[in-house]
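What follows is the residue order along each chain.
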Amino acid sequence: MMNSMTTETTVAIAVPLEVEFVERIRAVDPSVTVLYEPDLLPPERFPADHAGDPDFKRTPEQEERYWDMLGKADVLYGFPNENPAGLARIARENPRLQWIHAMAAGAGGAVKASGLDAETLNKFKVTTSAGVHALPLAEFAAMGILNGFKRTAELAQDQAAKSWPELRIPTRLVNGSSLVVTGLGEIGLETARIARALGMKVSGTKRSVEPIDGIEEVADNSGLAGLLASADAVVNTLPGTPYTERLFNREVFAAMKPGTVFVNVGRGTVVDEDALLEALENGQVAYACLDVFAVEPLPQDSLLWNHPRVMVSPHTSALSAAENRLIAERFCSNLRTFLGGGELPHLVDTVHFY
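As the structure is a prediction and not an experimental result, all values here were calculated from the model.

Asker: Just give me the short version of the overall build of the chain, but keep the residues and values in it.
Answerer: Across its full length, the chain holds twelve helices and twelve strands. Its C-alpha atoms give the chain principal-axis dimensions of roughly 70 × 45 × 35 Å. For the chain, the residues scored as buried account for 49% of the 354 residues in total. A total of about 16900 Å² of accessible surface is found on the chain, and carbon and sulfur atoms cover 55% of it. The average position of the 31 basic charges and that of the 46 acidic charges among the side chains of the chain differ by 3 Å.

Asker: Tell me about the sheet that holds strand β1 (residues 9-13), and name the residues and values.
Answerer: Sheet architecture is open: five strands sit in the order β2-β1-β3-β4-β5, paired in parallel fashion. Unpaired on one side and paired on the other, β2 (32-35) and β5 (125-127) mark the two borders of the sheet. Averaged over all adjacent pairs, the angle separating strand axes in this sheet is 20°, with direction ignored. Strands β1, β2 and β3 (75-77) of the sheet are contacted by helix α1 (residues 19-26), whose axis makes an angle of about 155° with β2.

Asker: Before we move on, can you summarise the pattern of salt bridges with the specific residues and values?
Answerer: In this structure the tally under the stated criterion is 16 salt bridges. Here Arg-65 makes a salt bridge to Asp-39, at a shortest N to O gap of 3.2 Å. On the criterion of sequence distance, the pair formed by Arg-65 in helix α2 (residues 60-71) and Asp-39 in the loop between β2 and α2 is long-range, its members being 26 residues apart. According to the relative accessible area criterion, Arg-65 is partly exposed, its value standing at 26%. The residue Asp-49 makes a salt bridge to Arg-45 at a minimum N-O spacing of 2.7 Å.

Asker: Go over the nonpolar core, please, and point to the residues and values.
Answerer: Counting 50 residues, the largest nonpolar core has Ile-13, Ile-25, Leu-70, Tyr-77, Phe-124 and Leu-335 as the members making the most contacts within it. Of all the secondary structure elements, the ones that give two or more residues to this core are β1, α1, β2, α2, β3, α3 (84-93), β4 (99-101) and α12 (323-339). With seven residues, α12 is the largest single contributor of residues to this core. Once residues lying within four places of it in the same chain are set aside, the contact partners of Leu-70 are Ala-12, Ala-14, Leu-76, Pro-80, Ile-90 and Asn-94. The next biggest cluster of nonpolar side chains, apart from the first, holds 28 residues, and it includes Val-234, Met-256, Ala-279 and Val-310.

Asker: Requested: an account of the packing of helix α6 (residues 134-149) against helix α8 (residues 186-197), with residues and values cited.
Answerer: Between α6 and α8, the least distance of the axes is 8 Å, while the angle of their chain directions is 50°. Overall, the two elements α6 and α8 adopt an arrangement that is oblique. Judged by the sense of rotation from one axis to the other, the crossing of α6 with α8 is right-handed. For the pair α6 and α8, the contacting residues are Ala-134, Leu-135, Leu-137, Ala-138, Glu-139, Ala-141 and Ala-142 in the first and Glu-186, Ile-187, Glu-190, Thr-191, Arg-193 and Ile-194 in the second. Along the lines of polarity and charge, the residues of the contact of α6 with α8 split into eight nonpolar, one polar and four charged.

Asker: For α8, give the residues involved together with the corresponding values.
Answerer: Over its twelve residues, α8 extends 17 Å from the first C-alpha to the last, a length consistent with the 16 Å expected when each residue adds 1.5 Å. Taken as a whole, α8 has its buried residues at Ile-187, Gly-188, Glu-190, Thr-191, Ala-192, Ile-194 and Ala-195. In this fold, the buried residues of α8 make contact with α6, β6 (178-182), β7 (201-205) and β9 (233-236). Just past α8, the residue Gly-199 takes up positive phi, approximately 95°.

Asker: A description of the packing of aromatic side chains should follow, citing residues and the corresponding values.
Answerer: Taken as a whole and assessed by the stated rule, the structure comprises seven aromatic pairs. Ring geometry for Tyr-66 versus Trp-67: centroids 5.5 Å apart, planes at 80°, classification edge-to-face. Considered together, Tyr-66 and Trp-67 belong to a single accessibility category, that of buried residues. Relative to Phe-262, the ring of Phe-253 has its centre 5.6 Å away and its plane inclined at 75°; by these criteria the two rings are edge-to-face. One exposure class covers both Phe-253 and Phe-262, and it is buried. Among the aromatic residues, ring-to-ring pairing joins Tyr-77, Trp-99, Phe-331 and Phe-338 into one connected group. Looking at Arg-89, its charged tip hangs above the ring of Trp-67, at a distance of 4.0 Å from the centre. Residue placement shows Arg-172 over the ring face of Phe-149; its charged tip is 4.4 Å from the ring centre.

Asker: Before we move on, can you summarise the pairing of strand β11 (residues 285-290) with the specific residues and values?
Answerer: For β11, the buried fraction is high: five of the six residues fall into the buried class. In this sheet, β11 lies alongside strand β10 (residues 260-264) in parallel orientation, the contact comprising five bridges. Note that in β11 the partner of Val-263 across the bridge is Cys-289. Remark: the β10/helix α11 (residues 273-282)/β11 crossover connection has right-handed handedness. Examined bridge by bridge, β11 and strand β12 (residues 310-312) share three bridges and lie parallel to one another. Its bridge partner being in β12, Leu-290 is matched across the sheet by Val-312.

About the cut-offs
- Residues numbered from 1 in each chain as written.
- Predicted model: local features only at pLDDT ≥ 70, side-chain atom pairs only at ≥ 80, totals over all residues.
- Heavy atoms only, no water.
- Helix = DSSP H or I, 4+ residues; strand = E, 2+ residues; numbered from the N terminus.
- Buried < 20%, exposed > 50% of the residue type's maximum accessible area, 1.4 Å probe, protein only.
- Areas by Shrake-Rupley, 256 points an atom, 1.4 Å probe, with all protein chains shown as cover.
- Lys, Arg positive; Asp, Glu negative; His and termini not counted.
- Charge placed at Lys NZ, Arg CZ, Asp CG, Glu CD.
- Pairing = 2+ DSSP bridges.
- Axes fitted to C-alpha atoms, helices over the stretch in contact; angles between N-to-C directions.
- Contact = heavy atoms within 4.5 Å.
- Salt bridge = Lys/Arg side-chain N within 4 Å of Asp/Glu carboxyl O.
- Core = buried A, V, L, I, M, F, W, Y, C linked by side-chain atoms within 4.5 Å.
- Parallel < 35°, antiparallel > 145°, perpendicular 65-115°, else oblique.
- Left-handed = near helix turned anticlockwise from the far one by under 90°.
- Nonpolar A, V, L, I, M, F, W, Y, C, P; charged D, E, K, R; others polar.
- Expected span 1.5 Å × (residues − 1).
- Phe/Tyr/Trp six-rings, centres within 6.5 Å; stacked < 30°, edge-to-face > 60°.
- Lys NZ or Arg CZ within 6 Å of the ring centre and 35° of its normal.
- Right-handed = clockwise from strand over helix to strand, strands pointing away.

Structure (structure tokens):
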């Protein structure tokens, strides 16, 4: 149904959120009723801990109240219990549900994991928080590039060994070097902006090939190997979809020039980790800065943990103290669009799930 400014709209807060941001949502429009019961939500262990403390348990009475609250909503802020099973349950139990806003930038995986059929998924919209994390991810990517070019892994090893090498080893200049960004979306473009500020020439990939200001060359995935031939650094921002599964395979790593710095802030499934380890051993990749992995948490027996030229980050590079505020601001903007009957941005594609 179309919304108008006179229609009552009920929003339920399904995940932990500070009261000040709940009040911002309430203030969007007088027609909005916000259901928020903090005692039903697990406490956050750290900023933007949307799943909350895993030891938190509702009493049977609280559990009933939680689902009753969500069942009255037209709009949900977060997936119930921040998991696919919660999404599946509310989709079945709440026929009035029109829109859910996901906390994640890449919520397609959770929507797919809910197992909901296309008919059910078409009854409501799911928007993501894509773009909210662009700046922290881009800054992390810039750190990864600088780490690789400035040999920080080797410096740390020398420092730990109290070694002062007789032969002075030069570092590489970032200025004037070439970067390839796979996935020129919001994260990719923010990464490109920072890279250009450091003096890099940036090319990249996009599903729909079109000229982009400040980007030297744009190709699709079929043209990736050609871009890599002259790249000094590569940053992956691509989501995990059937089309990106193990995109970075042996052939793609072989297309890189020796000494490439590789950063992954997209999804771990985009990289064949065995092929990456081979590329690190044969010198195609000089250094890898990885925030995401094919299996998370990264298994204890993974060779990436102890590799001397790999930085392992536990999928936290997007996290900043400002995240809850930024997501709430995004939601408020979307809510105004929703109330006015406009087209919501960052919708999950329920065919390709990204």
